[in-house]
Amino acid sequence: MVDFQDERYSSTDLEKSDIKVQEVLKNIADFDDPNIDRDGAIVGALEDDSPYPEVRSAVANTDDPSIPCNSFRAWVIGLSWAILIAGLNQFFFFRYPSVSISNIAAQLLAFPVGRAWAKVMPNVRVFGVKLNPGPFSIKEHVLITIMATVGGTSAYATDIIAVQRVYYGQIYSFVYQWMVVMSTQLIGFSIGGILRRFLVQPPSMIWPSNLVTCALFNTLHSQTYAGIGTRGGISRERFFYYAWICGVLWYFVPGYLFQGLSYFSWVCWIVPDNIVVNQMFGYVSGLGMSMVTFDWSQITYIGSPLATPWWAEANIAVGFIFFFWLVVPALYYTNAWDSKYMPVSSRTSYDHTGASYDITRIINSDASLNLTAYEEYSPLFLSTTFALSYGLSFASITATLTHAFLFFRKQIWIQSRRSMHEQPDIHARLMSKYKQVPEWWYIIVFLTMFVIGVISIELWHTEFPVWAFVLSLAIAFFYVIPIGMIQAITNQQVGLNVITELVVGYALPGRPIAMMMFKTWGYITMTQALTFTSDFKLGHYMKIPPRSMFWGQVVAAAIAGTVQLGVQAWMFSNIPDMCSAHQKDGFICPSTEVFGTASFIWGVIGPQRQLSSGQVYHALLYFFLIGAICPVIAWLISLKWPNSFIRYVNFPVIFTGIGGIPPATPLNYVPWAIVGFIFQYVIRRRYFSWWTKYNYVLSAAMDSGVGISIILIFFCLQYPQNGTIGLNTVQAWWGNTVYSNTADGKSLPLLTLPEGSTFGPTTW
């Protein structure tokens, strides 16, 4: 609970209001919403605004339907950026080090282009269409940004195509590739559209990350509205530009000139050879007890701490401390899973000599498992944090279902019967004036993409049966509402990647291509559904006509996916040694390697040889039971003490929030929680008017500033001359090497085996 501060309303005013407090709170959310602030909700009701201060501070409660949106200018700029950003991001996706144009960078880059069009393009009609409808509008900017980013990141299914080509020698036609990519991308879109009534229209589904985007839109277009408060001081626009310039310039220090400030494991620098100290305080392969970094990209690696509600951040912070600062050391230093022979934290898999697991030693020429070679070689071992992350992922799956049933069942039932104009929210009422997208449009998209998916797996050799395809979609559809509700409230998404790998590993053992496809349709369908749903909510906040949103998303996603496949095909045909570890230009395909390794582990070796009874990591399966029980305990306590701290405890968030290690490291969690505490608790509580006016603008400025700085550093200092600029000067000085010349940076284990010795079981 946060004390609401608004000088316009005293507590007496609120008490004398003829609005019944409990009735207002009941209409806002049909569950005990930790984001609800009692007095703030009443103020929102008095002003006919959102009941959430976070939303009021970033989103206007008015709309002008006459503002241009679905214009020729918006479509030309939006599709141009969709092609350019998708192509560039796909090109650099296969390179290490890589760079990508983020959503917020695309949002910034589109702004001057739109302004230039409005200034230069003549105001004439061509075939009845206005080339220049007037000043560049905020709604056009929103639609352009959505089209530019909806398919901006590399489509997950492109990794299937790459792995088939690199590891399995399967080079199928472009038609097959296009069908797989389109089906995986747009089935998720259709599901997201169908579920708008659950995840977009209710005011309690705030989608915190969208608030940063909304704040930036309103800042760039100088929008003023009641929600930003009456605080004096510099304008939001000037504050944004100051913070943005600082973000751009500062990142050159930890990002290039003094990288030790990014990996600021200062304790390890003092005793670089003390393995235990390095394991406790290190950032590369340690547990991050140094607690400080000066790199905003590290702080925001798991999401902006200025966007996630503090109570959700506190759940993740407490979960991190318990599991990674208490459980992990207890497991590691008692040598559970023979963990002392590996680094305490690593994303690499190991054999029983402590070396990286050589998957090529256990597979036949057709990528199937050579059981004899496997039994002669080694079982697969994981670092303690990596193994625990699998357990946490298992717990998050069952915790999500239990939590949704206990806490969200009433909300889900009510929303299934409530129309948009009945929503107790000004934004839903404003959006109800626009023509809505009929649900049969989404159903047609779903059926079309389903048929395309079936054709792709049946006409080409994939060993992926249709029943497994249907099962993968059923998993995605079953989980999308509870996972979506959790993400909309907490800014944390529960992943289905591990559970889909587990299911297909048992259902279709020894079929790596089928494993990748099952995982992609099961996991990415849900992820894409929530990505599109998040865009729906952004359009909801910014009052974009739903039908314009529909066509913008569908067309842009289809074009972006096609462009990505074209770029990928060109790269494999024209770049020598593509995806080779020694490719001279850095196109070593790190993501493809990880994807391929996962296909070996789950599709070739299979979970039965790692998790079944008697295997090394069998105990991790008990996390399914832990995840199912924990929300029940919290729910029972909340029945007895409904106003206690237990209402803020969210076990799906705890389990999934810290499950990002690896590839994240403790470096990405501890400073993130500290910054979140400062801004989302201390400043929000004590300086609410400052927080209301500047918090989301600061997040947008820093995120976009760092994104632009990364692009500048990459193209100006790292990409030219094959990365040799400053090789013997700035790259070699102490500040850029100190963190890597420690036991932490070298990822040293606590114990080292004598030559020729092994650890672990003698038979497997």
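What counts as what
- Residues numbered from 1 in each chain as written.
- Predicted model: local features only at pLDDT ≥ 70, side-chain atom pairs only at ≥ 80, totals over all residues.
- Heavy atoms only, no water.
- 1 Å grid on protein atoms, 1.4 Å probe; cavity = no way out; pocket = protein on both sides within 12 Å on 5 of 7 lines; lining within 4 Å.
- Points joined across faces, edges and corners; volume = space filled by probe spheres on them.
- Helix = DSSP H or I, 4+ residues; strand = E, 2+ residues; numbered from the N terminus.
- Nonpolar A, V, L, I, M, F, W, Y, C, P; charged D, E, K, R; others polar.
- Core = buried A, V, L, I, M, F, W, Y, C linked by side-chain atoms within 4.5 Å.
- Buried < 20%, exposed > 50% of the residue type's maximum accessible area, 1.4 Å probe, protein only.
- Contact = heavy atoms within 4.5 Å.
- Disulfide = S-S within 2.5 Å.
- Patch = residues over 30% accessible without salt bridge, like charges linked within 9 Å, V, L, I, M, F, W, Y side chains within 5 Å.
- Areas by Shrake-Rupley, 256 points an atom, 1.4 Å probe, with all protein chains shown as cover.
- Salt bridge = Lys/Arg side-chain N within 4 Å of Asp/Glu carboxyl O.
- Axes fitted to C-alpha atoms, helices over the stretch in contact; angles between N-to-C directions.
- Parallel < 35°, antiparallel > 145°, perpendicular 65-115°, else oblique.

Trainee: Now, about empty space enclosed by the protein: what can you tell me, with residues and values included?
Mentor: The gaps left among the atoms become clear once a water-sized probe is rolled over them. Considering all chains together, one arrives at six cavities of 30 Å³ or more under this definition. The wall of the second largest cavity is formed by 14 residues, among which Arg196, Val200, Met431, Phe536 and Pro546 lie closest to the centre. Elements that contribute at least two residues to the lining of the second largest cavity include exactly helix 23 (512–542) and helix 24 (546–574). In terms of residue count, the dominant contributor to the lining of the second largest cavity is helix 23 (three residues). Residue composition of the lining of the second largest cavity, by class: nine nonpolar, four polar and one charged.

Trainee: Account for the nonpolar core, with residues named and values stated.
Mentor: Membership of the largest hydrophobic core comes to 206 residues, with the highest contact counts inside it found for Phe189, Phe323, Phe324, Phe464, Leu496, Leu620 and Phe655. Sorting elements by how many residues they give to this core places helix 23 first, with 17 residues. When neighbours within four sequence positions are excluded, Phe324 is seen to be in contact with Leu287, Gly319, Pro329, Thr385, Leu392, Ile658 and Ile661. Counting 12 residues, the second largest nonpolar core, distinct from the first, contains Phe94, Ala162, Ile575 and Phe714.

Trainee: Outline helix 8 (residues 158–167), listing residues and values.
Mentor: Given 3.6 residues to a turn, an α-helix orients residues that are three or four positions apart in the same direction. Within helix 8, seven of the 10 residues are buried, which leaves the element mostly enclosed by the surrounding structure. Considered for burial, the residues of helix 8 that qualify are Thr158, Asp159, Ile160, Ile161, Ala162, Val163 and Gln164. Among the structural elements, helix 5 (72–93), helix 9 (174–194), helix 23, helix 24 and helix 25 (590–605) are those in contact with the buried residues of helix 8. Gly169 occupies a position one or two residues after helix 8 and carries a positive phi of about 65 degrees.

Trainee: Describe the environment of Thr308, naming the residues involved and giving the relevant values.
Mentor: The topology assignment puts Thr308 in the loop between helix 15 (296–299) and helix 16 (310–333). Here Thr308 falls in the buried class, since its relative accessible area comes to 1%. Here the alpha-carbon distance between Thr308 and Gln492, two residues 184 residues apart in the chain, equals 8.3 Å. Setting aside residues up to four positions removed in sequence, Thr308 forms contacts with Glu313, Thr490, Asn491, Gln492, Trp672 and Gln680.

Trainee: I'd like a rundown of the state of the cysteines, residues and numbers included.
Mentor: Applying the stated criterion across every chain, the model contains one disulfide. Residue Cys579 pairs covalently with Cys589 via a disulfide, S to S 2.0 Å. Residues Cys579 and Cys589 are joined by a disulfide whose S-S torsion is about -80 degrees; by sign, that bridge is left-handed. You can see Cys579 sitting in the loop between helix 24 and helix 25 and its partner Cys589 sitting in the loop between helix 24 and helix 25, a full 10 residues away along the chain. The same class applies to Cys579 as to Cys589, namely buried. Take Cys214: it sits in no disulfide, and the sulfur closest to it among the cysteines is that of Cys69, at 14 Å.

Trainee: Before we move on, can you summarise a nonpolar patch on the surface with the specific residues and values?
Mentor: A cluster of nonpolar side chains, contributed by Trp250, Met291, Val292, Phe294, Ile674, Phe677 and Ile678, occupies part of the molecular surface with about 570 Å² of accessible area. Here the nonpolar patch gets three residues from one element, more than from any other, and that element is helix 28 (residues 670–686).

Trainee: Help me get a handle on the pattern of salt bridges, residues and values and all.
Mentor: Tallying each qualifying case throughout the model produces five salt bridges. A salt bridge links Arg684 to Glu54; the nearest nitrogen and oxygen atoms lie 2.9 Å apart. Here Glu54 lies in helix 4 (residues 53–56) and Arg684 lies in helix 28, a separation of 630 residues in the sequence. A single burial state applies to Arg684 and to Glu54, both of which are buried.

Trainee: Which residues make up the packing of helix 23 against helix 25, and what values do they have?
Mentor: Between two packed helices, the angle of one axis relative to the other and the distance separating the axes together describe the packing. Viewed as axis vectors pointing N to C, helix 23 and helix 25 meet at an angle of 110 degrees, and their least axial separation amounts to 8 Å. Of the possible angle classes, the one that applies to helix 23 and helix 25 is roughly perpendicular. Here helix 23 contributes Pro512, Met515, Met516, Lys519 and Thr520 to the contact with helix 25, which in turn contributes Phe595, Ala598, Ser599, Trp602, Gly603 and Val604. Among the residues forming the contact of helix 23 with helix 25, the class breakdown is seven nonpolar, three polar and one charged.

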